[in-house]
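So the chains spell out like this:
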Amino acid sequence: MTGTQRHTEPLDVHLIALRDSPAGPEVLLSRRAGDVYAAGYWHLVSGHLDGPWEDMVTALVRETREEAGVVVDPADVRAAVTVHHRSPAGGARIGVFFEVRRWEGTPEVMERQVCDAMEWFSFDALPEPMVAYCRAGLDSYRAGARMAVHFQEPGDPIAYTPDADRLVLVPEPGRPGTVPQEVRAFAERAVGRITSWTDMSWAREESRVFRASGSEGGTWYVKIHQSDRFHQREVAALRGWVPGLGPATPRLVAADAQLRAVVLTAVGGRSLHGATYPPEQQRHIFHRIGQLAAAIHTSAPPRPASDALPLGKLERHLNGARPHLGPGDEEFIRTTTEKAAGLPALEAVPTHGDFQLRNLRWDEDADVLYVIDFERAEEGPAIRDFVRLSDAWRGRPDLLAAVTDGYGRPFTPDEEAQFTVLSVLDSVSGISYGAAHGDPELVERGRRTLARLRAAQRP
């Protein structure tokens, strides 16, 4: 021991109660009032342990019931982040923040002598003034950190202010969701101080995507590509034909080839993946999807007919998919792909390469459709962009009609023929990849597509 005084910090617990809303997750905050520290400031529901006989989870459940009037099952309490905090006056403490997404009852002010308001707030619109300690815990949680230090200096305000942001995240090397330090530095050189990082990556082991919130407002997306090829494709598209699509796409702020990282502006809306709408609104959305596809394919002049269809990886993908194929599937796959050699080549145009619902975002209020993720963008036949989208109109000829109406024309017979071959190839590769990476959704989608295509071929 090198110091002269042992630390005897108190331990307090904080509730990060979350609920979903159309605009994204919201967190419950209460406003302190009366003869208490930081009266008039917003804070999380929180409190101290009631003596040495009470554990952290029990204390959180008790404080939540006493302050907000709701009952939390201890089994629904999840560890979020631990913050070592020091106030401007010099007092230090350990704050343990817990995430809770389920409870009984409706939160309301229960202790009016110390709290005069309780409301839900979006993470992107937190109220002011907010206790800096509370904000440090929320920023650490949003950044995916498990531990942080928040030592304020004498003279710092009690309220959070970007000018006196003392939060330091304690990194966890190798943990999924952690933003590499060099990527953090690259992003902050591009947009300034970032106080909140949220891992928004797709569940599959692909490129990593983080939402970054600036200390003075503003939201960006920072993407780390899994390969040089994907990085080069996305950057080329974002610097080339993508700006011609107008507000429907993010803008490239900065790129670093060595890190394989990009900083992008944020777009609005919510993902169409898993979203449900009334039939009439669905048709309207799919009409807009067709219009967006047309805008992509006409964003640059067409080039002479492209090369032959990509059959080089068929055998490797078949080997991986074979245990999951049904009777007659492999014969159908081989018969269909053998026809590819006799198909005429189609003109090459800019294509998105992964044009499907999870890469499309819909802003219902503004009636705007956005498209993201250009790492598979390359020149090719326009019909390739409808392959992964086709599962979305399965059994809904009205949605296919809405797409082609928005696109401005039906698919040609040559495009229909290539569509079948490309769909078979995509199904086999999806089944192979899904089986190897524990992704049953990809396997099921591939099998559905094969069944649909086989049914269409029957007399």
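Structure first, text after, so check above.
Basis of the calculations
- Residues numbered from 1 in each chain as written.
- Predicted model: local features only at pLDDT ≥ 70, side-chain atom pairs only at ≥ 80, totals over all residues.
- Heavy atoms only, no water.
- Buried < 20%, exposed > 50% of the residue type's maximum accessible area, 1.4 Å probe, protein only.
- Helix = DSSP H or I, 4+ residues; strand = E, 2+ residues; numbered from the N terminus.
- Pairing = 2+ DSSP bridges.
- Salt bridge = Lys/Arg side-chain N within 4 Å of Asp/Glu carboxyl O.
- Phe/Tyr/Trp six-rings, centres within 6.5 Å; stacked < 30°, edge-to-face > 60°.
- Lys NZ or Arg CZ within 6 Å of the ring centre and 35° of its normal.
- 1 Å grid on protein atoms, 1.4 Å probe; cavity = no way out; pocket = protein on both sides within 12 Å on 5 of 7 lines; lining within 4 Å.
- Points joined across faces, edges and corners; volume = space filled by probe spheres on them.
- Nonpolar A, V, L, I, M, F, W, Y, C, P; charged D, E, K, R; others polar.

Asks: Can you help me understand the pairing of strand β1 (residues 11-19) in this one?
Replies: Every other side chain in a regular strand lies on the same face of the sheet, so the side chains alternate between the two faces. β1 sits mainly inside the fold: seven of its nine residues count as buried. As judged from the seven bridges shared by β1 and strand β6 (residues 92-100), these two strands associate in the parallel manner. Residue pairing in the sheet places L15 in a bridge with F98 of β6. Here β1 folds back onto strand β2 (residues 26-32), and the loop between the two strands holds six residues, one of which, G24, carries a positive phi near 125°.

Asks: Would you mind going over the pattern of salt bridges with me for this structure?
Replies: One pass over the structure, following the stated rule, counts 38 salt bridges. Note that R166 and D156 form a salt bridge whose closest N and O atoms lie 2.8 Å from each other. With R166 in the loop between β8 (147-151) and β9 (167-169) and D156 in the loop between β8 and β9, this pair connects stretches of sequence that are 10 residues apart. Since its relative accessible area comes to 29%, R166 is described here as partly exposed. On the accessibility criterion, D156 (11% relative accessible area) is buried. With a shortest N-O distance of 3.3 Å, E375 and R376 are connected by a salt bridge. On the basis of relative accessibility, which here comes to 16%, the residue R376 falls in the buried class.

Asks: So what exactly am I meant to see when it comes to the packing of aromatic side chains here?
Replies: For any two aromatic rings, the description comes down to two numbers: the centre-to-centre distance and the angle of the planes. Taken as a whole and assessed by the stated rule, the structure comprises eight aromatic pairs. Between the aromatic rings of F97 and Y133, the centroid separation amounts to 6.1 Å while the plane-to-plane angle is 90°, which identifies the pairing as edge-to-face. Here the residue F97 occupies a position in strand β6, and Y133 occupies one in helix α2 (residues 132-142), the gap between them amounting to 36 residues. Each member of the pair, F97 as well as Y133, carries the same accessibility label: buried. Seen in terms of ring centroids, W103 and W120 are 5.8 Å apart; in terms of plane orientation they differ by 15°. Their pairing is stacked. With W103 in the loop between β6 and β7 (115-122) and W120 in strand β7, this residue pair connects regions lying 17 residues apart in the sequence. Taken together, the aromatic side chains of F386, Y407 and F411 make up a single cluster linked through ring pairs. One cation-aromatic arrangement involves R135 over Y160; the distance from NZ or CZ to the ring centre is 4.1 Å.

Asks: Got a minute to help me understand the pairing of strand β10 (residues 194-199) in this structure?
Replies: In terms of burial, β10 is largely enclosed, as five of its six residues are buried. By the bridge criterion, five bridges tie β10 to strand β11 (residues 208-214) in an arrangement that is antiparallel. From the neighbouring strand, W197 faces β11, where its bridge partner is A212.

Asks: Even after reading the chapter, I still don't get empty space enclosed by the protein, so can you show me in this structure?
Replies: As enumerated under the stated definition, the model contains three cavities of 30 Å³ or more in all. Estimates place the volume of the largest cavity at around 90 Å³. Every residue lining the largest cavity is counted, 14 residues in all, and those nearest its centre are V387, D426, S427, R445 and T449. Contributions of two or more residues to the lining of the largest cavity are made by α9 (413-436) and α10 (440-457). Within the lining of the largest cavity, the residues separate by chemical class into three nonpolar, six polar and five charged.

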